[in-house]
Amino acid sequence: MYKPGSVAVVGAAETTRLGAIPELSEIGLHADAALNALADAGLKPTDIDGLACVGQMRPQMVAHYLGITPRWVDGTGVGGCSFMLHVRHAAAAIAAGYCNTVLITHGESGKSRVAPIARAPEPGSLAGQFEVPFGPVGPPTLFPIPVLRYMKTYGVTHEQMAMVAVVQREWAAKNPRAAFRDPITVDDVLNSRMIAYPFRLLQCCLVTDGGGALILTSADRAKDFPTRPAYILGSGESVETTMVSQMADFTSSRAFRVAGPEAFRMAGIKHADVDHLMIYDAFAHLPMYGLEDLGFVGRGEAKDFIWERNTAPGGKLPMNTNGGGLSYTHTGMYGMFALQESVRQVRGTAPAQVGDVKIAVSHGVGGMFSASGTIVFGRDRP
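Owing to the predicted nature of the structure, the values given are computational and were not obtained by experimental measurement. (Residues numbered from 1 in each chain as written. Predicted model: local features only at pLDDT ≥ 70, side-chain atom pairs only at ≥ 80, totals over all residues. Heavy atoms only, no water.)

Participant: Just checking my understanding: could you explain the overall build of the protein chain for this structure?
Facilitator: Per the secondary structure count, the protein chain includes 13 helices and 11 strands. In terms of overall size, the protein chain behaves like a compact globule, its C-alpha atoms giving a radius of gyration of 19 Å where 382 residues would be expected to give roughly 21 Å. Expressed as lengths along the three principal axes of its C-alpha atoms, the size of the protein chain is roughly 55 × 45 × 40 Å. Counting over 382 residues, the protein chain shows a buried share of 60%. If you take every contact in the protein chain between residues at least 6 apart in sequence, the share linking residues at least 24 apart comes to 74%. When the accessible surface of the protein chain is totalled, it reaches about 14300 Å², and 54% of it is carbon and sulfur. Here the protein chain holds 33 positive side-chain charges and 34 negative ones, and the gap between their average locations is 2 Å. (Helix = DSSP H or I, 4+ residues; strand = E, 2+ residues; numbered from the N terminus. Rg over C-alpha atoms; globule rule 2.2 N^0.38 Å. Buried < 20%, exposed > 50% of the residue type's maximum accessible area, 1.4 Å probe, protein only. Contact = heavy atoms within 4.5 Å. Areas by Shrake-Rupley, 256 points an atom, 1.4 Å probe, with all protein chains shown as cover. Lys, Arg positive; Asp, Glu negative; His and termini not counted. Charge placed at Lys NZ, Arg CZ, Asp CG, Glu CD.)

Shown next, in the form of structure tokens:
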């Protein structure tokens, strides 16, 4: 196990463009993001001896394409939060001496679908046998199963669920790279096209092309790089079930409840210490689950917390300040973009900078609550 603050992010960048990038395959998106992150850190591919990535482009493909000969690799794939786990694993590998400098890459042609891979569950998988035959397949039809129970249990109104998208659009308006920046109202959300009850179009994530990359090394080397480091203070990870129908509790994620508290415990922080929060928002309900499962608010209190604008610009807990997956970008696996915004906020370089951010938390989900990863970033080394 690494000590809090002993490893830092010294390079971070997204692909040159986000949105529709039909001229680049997924390996091209990985490379674009990686080269941008290397430039941010003042490094060359030959300086990298650790590599992590997930998806169609496996580590050996990215390593060969970039000319990297790694001593350590990680291809852990648990869905959209895989990158949080990569950060955690890379920090441990650096502390153990398995490698010195790790590159984590992401590239996904979610919109243009250049050389796409099949996403439907395999017929022999648990989901393929016990969920798909009954109709639901994919996030828009699977996520409503727990959400409807959550709404009924805690009396969450459609207006309160819509407010998540409204607030995040306010953050997106401050971000020139956000896909959607025009203001929206609760009525706009509720009047948008129905996708799968209770989700309407503006409560569902974007579908884009893009990617991002991070570079980690020991904190002792951080002074050798041109950028302000973002120190890894704590991390956590867990999994639950690949079948949403088999969640232990439809109103809460067991994986969230393990990953989040573990990261806080390791970092030695309290909720009041957090200056900035990113919660993966493939759909509008996820920030509500995250706020409650991570302990920022009590059970059933997230709806009022967001409605009262505590997570909005000027609120006491700025959340999803890039606009999130609902308004910024969402390639299919969004966790990398949540991490990127956390690093920007700690560095003080975010388009919607929220002030003096000393502690930033980035929390992700994989699948339909099947996995989770949490990273606590610090501006200062303990």
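Participant: Sorry if this is basic, but what is going on with unusual backbone geometry here?
Facilitator: Trans is the prevailing form of peptide bonds, just as negative phi is the prevailing case for residues other than glycine. Of note, the amide linkage connecting Tyr197 to Pro198 takes the cis form, showing an omega dihedral of 10 degrees. In this structure, Pro198 sits in the loop between strand 5 (194-196) and strand 6 (199-200). Even without a glycine there, the phi angle at Asn320 is positive, about 55 degrees. Along the chain, the position of Asn320 falls in the loop between helix 11 (302-307) and helix 12 (324-327). Among the residues examined, Asn320 registers a relative accessible area of 0% and is labelled buried.

Participant: In this structure, what is going on with the environment of Ala255? I would like to understand it.
Facilitator: Topologically, Ala255 is positioned in helix 9 (residues 254-267). C-alpha separation for the pair Ala255 and Val365, spaced 110 residues apart in sequence, amounts to 8.5 Å. Residues in contact with Ala255, not counting those within four places in the same chain, are Ser238, Val239, Glu240, Ala371 and Ser372.

Participant: Looking at this structure, how should I read the side chain of Arg344?
Facilitator: With respect to the helices and strands, the residue Arg344 is situated in helix 13 (residues 335-347). In this structure, Arg344 is in contact with Glu14, Asn322, Tyr328, Thr349, Ala350, Pro351 and Gln353, ignoring residues within four places of it in sequence.

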